[in-house]
Amino acid sequence: MTPTNDSKATVSVLYCNTIKMRTLTLAACLATATAAVHTAPFVPNEEMFRDWLAEGGETIYNPSSFPEVRLKVAKRIAQMASDTLKDQASMYNLMSWFGRGSGIDATTLAADLERLGESESLDGFVRVSKEVADSHYAALNRKQEEGAPYRPLGKNEYPYWNVIPSIPGAAKAGGNFTFANAACKENTVSTVREGSEYIITFKGDKCDLLHSGDVYLLATVKGVHFMKVSYYSREQTIKWSTANLTQAESYDITTKGVRFLAFPHDEVELVVNILATVNLFLQPEAGKYPDFPDEKVEKANVDFLTKYAQIQPPMVPRGPINESNPTNVDPDLIQTGDFIGVIRLDGLDPMLAWAMGSTTGHTTIAVRDATTNELFVCESTTNSSYWPTNGVQKTPYTTWIKQAEAAGYNAVWAPLDPAQRAKLNVTAMWEFFSTVEGLQYGYHTLLWGWIDTVADNYPCVAPDYKHCLQWGHVEVLFPLVSAVVPAVGELIFNEAWNFRLNTTGLNAPEMYMHAETVLNISSNTIPTIVERDEWMYHTTRYGKPVVGKSMVCCVFVCNMWKHGGLFGDTDFNCGEMTNLDDYDLDIFDKTKMNDGRPDVCKQKDPNNQNCQLVGPYTLNFNHYNEAPVYNHMAENCASWTPGVGPNYWGAGKQQGTC
């Protein structure tokens, strides 16, 4: 609906008479109903973060423990989201909160809804807000029919990670930009600098009176500001302070401006989608070892992988989904160098699989003792509610398979080709292992092995894949993470990025400035710089600080193969390898696939090309045993095409050129 000027004026009067009447005169209300002035930004810090967690009864005891931080933050977000969505009044309050922040003081909205609903002259904004909240409430409370396909939380069939905003532009001093959005079809942002403030003026035109509004996050590397735009708040002014900025923070706002991040949904749906996403990671009884994944959580993760990563064939139950369904493969068949790929349907593994383009979220390698011939499973992982041991480790196979069953692993065995196995020096493999055993899991390099390109490795959201994570999000998010949990920032990106720029001790904004002013490269290329195997990180070994290698699971497996001589003199870095890069290599035994598998495997999983050892759901490797081994492999490979979808297997992989 696009109202006339007369109808707009009439509705504004109705709005002021009904909503603001108790606190403002009609004239004052009309003067502010479509315009608001904000001071910004909100600058988060460690104390605020701790207080936010404490309000939900959560405390982080070890800020350097990424698993603990991840779990506590997820639980707190889930708690807030659940409270917001528990009833319609809470949803109205959420919309009112966003509205108040943008000049719509609807504090009496919930109390007036029933009376206004009976009025023939209902304010369009109020009615649409009520309809939005009511529709979400109805969707959240629908029942899952027995035997019906899994339906995710809310009314959106694709809620997972569906909070990624677009970036229509940035407010720079002396500049302006225009863009379209749902509530207002023509939006203009202009900016001037006055002293220590950026005066940002937002004007919306061709606004739909019956739209509940567009939600924005304005951000720099220093701080953020939320803003909502509707017909009733279509003109807004933001006074963004630049006082007390460091040189690098000043460089950021001067050269890149205040970024406008436009969320794809109304505020209630954003919270619904956040809750649906966080629920992928949360187990009802998380924290108890062993911790088998919850049935509903597993179903949600399978739904996510099927829709987002387009895994084919889809994962389906191998038997009762609350059981491990072991295949009981004879351990004597498993030999040194064999690959075991794993996915646990716990949110983290599926997220990594979606991002990397693999069907696994964890990888391990089988190695036999050179003297006793005892079979071990070697891996780099973390201790958690489902796994007892931390870091680079070896576990006797008989123990490992029992732990895998208890943890709800879906694990598949891939035997090396005999000719490839013959290249391996088992003594050299164990010698390398002895130098890294006990090292902490490779959080420093967790994200950077699969970011090879500026734009074509960041994952996108189904179904149209138009909303993708991009460097613009990372650029402002990571400095803010460092501000509230400095230990996590140091662990996840600071040291890795400093290595790439040949610098020491710079924080994220300082690295952006150094890259662009000293090295003359764009900051968005920092993650694409190749991870070098010789880089040694500040990490821990058996809990004590050391300087050593930082290896995620797939990097560790590659290093075991490489130090054992599997790749000869091929010049490449294992630090660039992902799960997919490990098992897509043409190094596995084709005669042990499909009908060549042991009978027990064929009987248990007739349609799997490999032998699944354990798991409630089927696991099939995509692009298994297809890629050549070549110099500089996996250093410049795209995995996503924005607007199209996953592109895990491009020409570069097939031809050995990326």
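Residues numbered from 1 in each chain as written. Predicted model: local features only at pLDDT ≥ 70, side-chain atom pairs only at ≥ 80, totals over all residues. Heavy atoms only, no water.

### Some thoughts on helix α10 (residues 295-309)
Here comes step 1: Compared with the 21 Å implied by 1.5 Å per residue over 15 residues, the 20 Å span of α10 between its first and last C-alpha is a close match.
Here comes step 2: The buried count for α10 comes to eleven of 15 residues, which makes it a mostly enclosed element.
Here comes step 3: Contacts from the buried residues of α10 go to β10 (339-343), α11 (348-356), β18 (640-641) and β19 (645-646).
Here comes step 4: N-cap assignment for α10: the residue whose side-chain oxygen lies 3.0 Å from the backbone N of K296 is D294.
Here comes step 5: Two residues or fewer after α10 comes Q310, characterised by a positive phi angle close to 55°. (Helix = DSSP H or I, 4+ residues; strand = E, 2+ residues; numbered from the N terminus. Expected span 1.5 Å × (residues − 1). Buried < 20%, exposed > 50% of the residue type's maximum accessible area, 1.4 Å probe, protein only. Contact = heavy atoms within 4.5 Å. Polar contact = N/O pair within 3.5 Å; in protein donor to acceptor, adjacent residues only side chain to side chain.)

### Brief notes about the sheet that holds strand β12 (residues 375-381)
Here comes step 1: Across the sheet, six strands lie side by side as β13-β12-β11-β10-β14-β17; this open sheet has antiparallel pairing. Sheet topology places β13 (391-396) and β17 (611-614) at the edges, where each strand pairs with a single neighbour. The mean inter-strand angle of the sheet, taken between neighbouring strand axes irrespective of direction, is 30°.
Here comes step 2: Sheet topology note: the β12/β13 ladder contains six bridges and is antiparallel. Note that in β13 the partner of C378 across the bridge is K394.
Here comes step 3: Across the sheet, helix α12 (residues 397-407) touches β10, β11 (362-368), β12, β13, β14 (410-414) and β17, and the angle it forms with β13 is around 110°. (Pairing = 2+ DSSP bridges. Axes fitted to C-alpha atoms, helices over the stretch in contact; angles between N-to-C directions.)

### Observations concerning the pattern of salt bridges
Here comes step 1: All chains considered together, the criterion is met by 24 salt bridges.
Here comes step 2: E55 is the partner of R76 in a salt bridge, and the nearest nitrogen-oxygen pair spans 3.5 Å. Within this pair, whereas R76 is found in helix α4 (residues 66-84), its partner E55 is found in helix α3 (residues 46-55), the two being separated by 21 residues in sequence.
Here comes step 3: Each of D252, K256, R259, E475 and E516 takes part in salt bridges that share partners, so that together they form one network. (Salt bridge = Lys/Arg side-chain N within 4 Å of Asp/Glu carboxyl O.)

### A look at the nonpolar core
Here comes step 1: With 106 residues, the main nonpolar core has W497, F556 and W561 as its most contacted residues.
Here comes step 2: Apart from the residues within four sequence positions on either side, F556 is in contact with I365, C378, E379, S380, V392, F432, F433, V436 and M551.
Here comes step 3: Ranked by size, the runner-up nonpolar core spans 23 residues in total, among them A40, F202, W240 and F260. (Core = buried A, V, L, I, M, F, W, Y, C linked by side-chain atoms within 4.5 Å.)

### Re the sheet that holds strand β6 (residues 214-219)
Each strand in a sheet pairs with another by means of backbone hydrogen bonds, the pair being arranged parallel or else antiparallel.
Here comes step 1: In spatial order, the strands read β2-β9-β6-β7; together these four strands make up an open sheet with antiparallel pairing. Only two strands of the sheet have a single neighbouring strand rather than two, namely β2 (166-171) and β7 (224-229). Each neighbouring strand pair of the sheet contributes to a mean axis angle of 25°, computed without reference to strand direction.
Here comes step 2: Relative to β7, β6 is paired through six bridges, and the arrangement is antiparallel. Note on β7: the bridge partner recorded for V215 is K228.

### Let's talk about the side chain of T382
Here comes step 1: Mapped onto the secondary structure, T382 falls in the loop between β12 and β13.
Here comes step 2: The contacts of T382, once residues within four sequence positions are left out, are P67, W387, T389, N390, G391, Y441 and Y443.

### Remarks on the packing of aromatic side chains
Here comes step 1: Tallied over the full model, the rule gives 48 aromatic pairs.
Here comes step 2: Ring centres 6.3 Å apart and planes at 35° place the aromatic pair F339 and W561 in the tilted group. With a gap of 222 residues between them, F339 in strand β10 and W561 in helix α18 (residues 553-563) connect regions that are remote in the sequence.
Here comes step 3: You can call F339 buried: its relative accessible area is 0%.
Here comes step 4: Taken together, Y158, Y160, W161, F281, F304, Y308, W354, Y465 and W640 form an aromatic cluster joined through their ring pairs. (Phe/Tyr/Trp six-rings, centres within 6.5 Å; stacked < 30°, edge-to-face > 60°.)

### Points about the confidence of the model for the chain
Here comes step 1: Confidence along the chain averages 86 in pLDDT terms, with 86% of residues attaining 70 or more.
Here comes step 2: Residue range residues 1-34 is modelled with pLDDT below 50. Its contacts to residues more than four positions away, or to other chains, number 57 contacts.
Here comes step 3: Taken as a whole, residues 100-125 scores under 50 in pLDDT and shows 62 contacts with residues more than four places along the chain or in a different chain. (pLDDT = per-residue confidence, 0-100.)

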